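# Descriptive structure summary
The lines below spell out each chain.
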Amino acid sequence: MTEDSSNQIDNKFVIEHAKNQYNNLLNFIDSEHFATNGFSWRDHRHLNIYFIYTIDYKESGLIDIFAIENSTKDEFIFIDGSPKTKDSYEYRDASMSGDVKRQFAFFKANNIFDLGDKEILDESYLGVFADNHISQDDVIRVIDHWIDTFVGREYRKTVKTLSEKPDNLIKISEKNFFADMYHFSDMLNNIGNEQLEDELYECLFAYNRNKWYISACGLGGVLEHLLYLTIKNYGKEKKLGKTPSAADYVSVLSKDCLKEEFTSKDFTYLNICFNARNAVDHFRAGQTSKNLCDIILNGISSSYNDYYLDSLAYHKSH
């Protein structure tokens, strides 16, 4: 993003547009006689919206957007961190793995942005992909998507709070440790394939930002890549042909590699994983799509433990 295009962002217009969009959604919710007192930006409450635009060294645009409470006025704050992120692999690794804490540490260390003692509203954080340049219209499109996401999260949180019993209203800080749970770091280090690592990190980036369709499509490709590396260890990769399908990977793995060790349960399980990839779409409910992505993540972990490690032992002994 050039300095000129950065100057074209009208911060006053953006914050007024965002507030109007927020109020429109609240008015719609109010029309259903729903209690909206707990919403962060209603009535005379004020927010600062931070919009941090970055580019990694592969020229992929990324946006981190979130809100912080302000006691006096609403403000839109556009920060272009791309000059300091575009040449940094450290930043790409943090962003693609969905490690927001490391991203913010990078912002602070490189004088891009320092959160200080300010607290981000829990439901307001969103990370999205972007082009390697951004305009006022792009900002407005992202803001509209962010407002929809922000209000939706606040709505669901309110519904959950209202439906809980008093003795369950204890705030528990929960973090997603799925990467550690699946031991992906150990898996990637053991396999030592940079392309597979990049593919998986990009999928985890999408997963951490609730981009279930993107995540599912990518994770299905990661699973195929892992099965290819497994088959290659057995020296049977030529049997896959030029453009193998998921069915081809399963067929070669069962008939030419594992043979009698590959049971009907293995066949069914892998097919379930690939069917989960095909079942995720843009319109399916969020929790359903997340669960389908989790099935594929489990499939990757299980395929590594059940198939790849045996193939590696075979490869080393032949």
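Above this note sits the structure.
Going along each chain's sequence as written, the residues are numbered from 1 onward. Residue-level local features of this predicted model are given only where pLDDT is at least 70; pairs of side-chain atoms are given and counted only at 80 or more, and the full residue set underlies all totals for whole chains, interfaces and linings. Only hydrogens and water are set aside; all other atoms, that is, all heavy atoms of the structure, feed into the side-chain values.

We now examine unusual backbone geometry. Phi at N111 takes a positive value of approximately 55°, unusual for a residue other than glycine. Helical segments are the DSSP runs of H or I of at least four residues, strand segments are the runs of E of at least two, and each set is numbered from the N terminus. Mapped onto the fold, N111 is located in the loop between α5 (100-109) and β4 (126-130). By relative accessible area, N111 is classed as exposed at 68%. Even without a glycine there, the phi angle at K259 is positive, about 55°. Along the polypeptide, K259 turns up in the loop between α11 (246-258) and α12 (264-279). Think of it in three bands: with a 1.4 Å probe and only protein chains considered, a residue is buried below 20% of the maximum accessible area for its type, exposed above 50%, and partly exposed in between. The exposure class assigned to K259 is partly exposed, which follows from its relative accessible area of 47%.

For this document, the term salt bridge refers to a Lys or Arg side-chain nitrogen within 4 Å of an Asp or Glu carboxyl oxygen. Taken as a whole and judged by the stated rule, the model has 6 salt bridges. Two residues, D256 and K239, come together in a salt bridge whose shortest N-O distance is 3.9 Å. A residue pair is termed long-range when its members are at least 10 positions apart, and D256 in helix α11 and K239 in the loop between α10 (212-233) and α11 qualify at 17 residues.

Turning next to the side chain of T85. When you line up the elements, T85 lands in helix α3 (residues 82-85). Polar side-chain contacts of T85 include one of 2.7 Å to the backbone oxygen of I55. Two N or O atoms count as a polar contact when they lie within 3.5 Å, although within protein this holds only if one can serve as hydrogen donor and the other as acceptor, and sequence-adjacent residues are included solely when both atoms are side-chain atoms.

Without other data, these values stay purely geometric and don't point to any function.
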